[in-house]
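Breakdown of the fold
Given next are the chains, with one letter for each unit.
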Amino acid sequence: METFLQVLANGLMLGALFAIVSIGLTLIFGIVKVVNFAHGEFLMAGMYLTFVITTWLGIHPLYTVALVAPLLFVAGAATQRFIIQPLMNARDDHIQIFATVGLSTAMINLALLIFGADIANTPSGGLRTPILLGPVRVLSGQLIILAAAVALVIGLHLFLQKTQTGRAIRAVAQNRAAAQLMGINVNRIYVLTFGIGAACVGLAASLIAPLYPTSSNIGTYFVLTAFVVVVLGGLGSIGGAFAGAMVIGLIDAFAGFYIGSDLREVAVFGVFLLILILRPSGLFGKNLNLSHVSP
């Protein structure tokens, strides 16, 4: 029983990690309707920023959020304004996807140019300290990621539901043309949304960097799983992304323990294919609300 509980706890902690990475991705798709293939590279950039700030300035990794998240907000907003937005009215919608793929490649090569191929290890700042919760053991950093993921989902829900800007974002997500007729600056909403999505990745990067080694291809692993989470939860559903991340985290943990660590990704992507075949809209469809989830 203790083993089962430990695997369950590992799955929930892993799910929280996937959730905090995936929420920004599903937010961008839900409003801007662009699949951002550079999402993992924004995470990579945030992790390198965390490494540099922590190593050079001696700041605790948790405090780097105050610098990394705003910087990635600016980077995300600039990406939408100067790369995606000029292509919004292109005859072929795939051009936007190609643009993010190109940005992803450029960011990977820039990281290699600056940091080389060596792995960067961010000081843990005590975030790798094991904590006993009854019969299970988790890391302090994992608990912080879980709390941050829940807080992020709730915070985005309140922002989207209770603020004027949030209502404008939901209006654009529901009907762009009608939102324009109501006087909403759609392009400004797109820039803001892309920035918020990138800032969410910045939060994730500062929390993940002390627990995982940073390299130029670190974003690839996380973003592939994030796409599975977003499809499982329903493209555009923030609550669905949280629930989907928990499901994928549990599948990964239990498959790795009971089937074999080499087959974890087989199980995860097997679920991905089943969802695409049986329910392409995901578990919760394209709804930017939390009515399906109560964290």
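Quick caveat, the model's predicted, so the values are computed rather than measured. (Residues numbered from 1 in each chain as written. Predicted model: local features only at pLDDT ≥ 70, side-chain atom pairs only at ≥ 80, totals over all residues. Heavy atoms only, no water.)

1. Brief notes about unusual backbone geometry
One non-glycine residue, Lys33, adopts positive backbone phi at about 65 degrees. For Lys33, the location among the structural elements is in the loop between helix H1 (2-32) and helix H2 (39-57). (Helix = DSSP H or I, 4+ residues; strand = E, 2+ residues; numbered from the N terminus.)

2. Some remarks on the environment of Ile238
Positionally, Ile238 belongs in helix H10 (residues 238-258). Relative accessible area serves as the criterion here: at 2%, Ile238 is assigned to the buried category. (Buried < 20%, exposed > 50% of the residue type's maximum accessible area, 1.4 Å probe, protein only.)

3. Regarding the nonpolar core
Ranked by internal contacts, the top residues of the largest apolar core, which has 78 residues, are Ile20, Leu43 and Ile208. In this structure Ile20 touches Ile145, Ala148, Ala149, Leu152, Cys200, Leu203, Ala204 and Leu207, once residues within four positions along its chain are discounted. (Core = buried A, V, L, I, M, F, W, Y, C linked by side-chain atoms within 4.5 Å. Contact = heavy atoms within 4.5 Å.)

4. A closer look at the UniProt feature "transmembrane region" (unreviewed entry) in the protein
Per the UniProt entry, the sites bearing "transmembrane region" (unreviewed entry) are residues 12-35, 96-119, 139-160, 189-212, 242-260 and 266-285 in this numbering. Its end C-alpha atoms 25 Å apart, residues 242-260 is made of 89% helix and 0% strand. (UniProt positions renumbered as here; feature names shortened; annotations may be inferred.)

5. Observations concerning the pattern of salt bridges
Tallying each qualifying case throughout the model produces one salt bridge. Of the charged contacts, one joins Arg264 and Asp252 as a salt bridge, the two residues approaching to 3.3 Å between their closest N and O atoms. Here the residue Arg264 occupies a position in helix H11 (residues 264-278), and Asp252 occupies one in helix H10, the gap between them amounting to 12 residues. Among the residues examined, Arg264 registers a relative accessible area of 34% and is labelled partly exposed. On the basis of relative accessibility, which here comes to 6%, the residue Asp252 falls in the buried class. (Salt bridge = Lys/Arg side-chain N within 4 Å of Asp/Glu carboxyl O.)

6. Some words on the confidence of the model for the protein
In the predicted model, the protein carries a mean pLDDT of 89, and 96% of its residues have values of at least 70. Across residues 287-295 the pLDDT falls below 50, and counting only partners more than four positions away or on other chains, this stretch makes 28 contacts in the model. (pLDDT = per-residue confidence, 0-100.)

7. Thoughts on a nonpolar patch on the surface
On the surface, Met1, Phe4, Phe257, Tyr258, Ile259, Leu263 and Val266 cluster together into a nonpolar patch covering about 780 Å² of accessible area. By the element assignment, Met1 lies in the segment before H1. A residue is classified by how much of its surface remains accessible, and Met1, at 73% relative accessible area, is exposed. (Patch = residues over 30% accessible without salt bridge, like charges linked within 9 Å, V, L, I, M, F, W, Y side chains within 5 Å. Areas by Shrake-Rupley, 256 points an atom, 1.4 Å probe, with all protein chains shown as cover.)

8. Here's the deal with the packing of aromatic side chains
Throughout the structure, instances matching the rule amount to nine aromatic pairs. Taking the centre distance of 5.4 Å and the plane angle of 45 degrees together, the rings of Phe4 and Phe254 count as tilted. Taken together, the positions of Phe4 in helix H1 and Phe254 in helix H10 put the pair 250 residues apart, joining distant regions of the chain. Measuring from ring centre to ring centre gives 5.9 Å for Phe254 and Tyr258, while their planes differ by 5 degrees; the resulting arrangement is stacked. Here the residue Phe254 and the residue Tyr258 both occupy positions in helix H10, the gap between them amounting to four residues, near one helical turn. Looking at Tyr258, the relative accessible area reads 49%, which means it is partly exposed. An aromatic cluster of at least three residues, connected via ring pairs, comprises Phe4, Phe254, Phe257 and Tyr258. (Phe/Tyr/Trp six-rings, centres within 6.5 Å; stacked < 30°, edge-to-face > 60°.)

9. Considering H2
Along its 19 residues, H2 runs 27 Å from first to last C-alpha, staying within 8% of the 27 Å computed at 1.5 Å per residue. Taken across its 19 residues, H2 has 14 buried, putting it largely inside the fold. One or two positions beyond H2, positive phi appears at Gly58, with a value near 70 degrees. (Expected span 1.5 Å × (residues − 1).)

10. Here's the deal with the pairing of strand E1 (residues 130-133)
Pairing geometry for E1 and strand E2 (residues 136-139), over four bridges, is antiparallel. Counted as the bridge partner of Ile131 is Val138 from E2. Linking E1 back to E2 in an antiparallel pair, the connection comprises two residues, with Gly134 at a positive phi of about 70 degrees. (Pairing = 2+ DSSP bridges.)

11. Considerations on the layout of surface pockets
Where empty space is left can be seen by rolling a probe of water-molecule size over the atoms. Quantified by volume, the largest pocket comes out at close to 300 Å³. Surrounding the largest pocket, 15 residues form its lining, Asn10, Leu14, Gln142, Tyr212 and Arg264 being those nearest its centre. Among the elements of the structure, H1, helix H5 (140-162) and H10 are those that each provide at least two residues to the lining of the largest pocket. In the lining of the largest pocket, the residues fall into 11 nonpolar, two polar and two charged. By volume, the second largest pocket amounts to about 210 Å³. What lines the second largest pocket is simply Met44, Ala45, Tyr48, Leu49, Val52, Met107, Leu110, Ala111, Ile114 and Phe115. (1 Å grid on protein atoms, 1.4 Å probe; cavity = no way out; pocket = protein on both sides within 12 Å on 5 of 7 lines; lining within 4 Å. Points joined across faces, edges and corners; volume = space filled by probe spheres on them. Nonpolar A, V, L, I, M, F, W, Y, C, P; charged D, E, K, R; others polar.)

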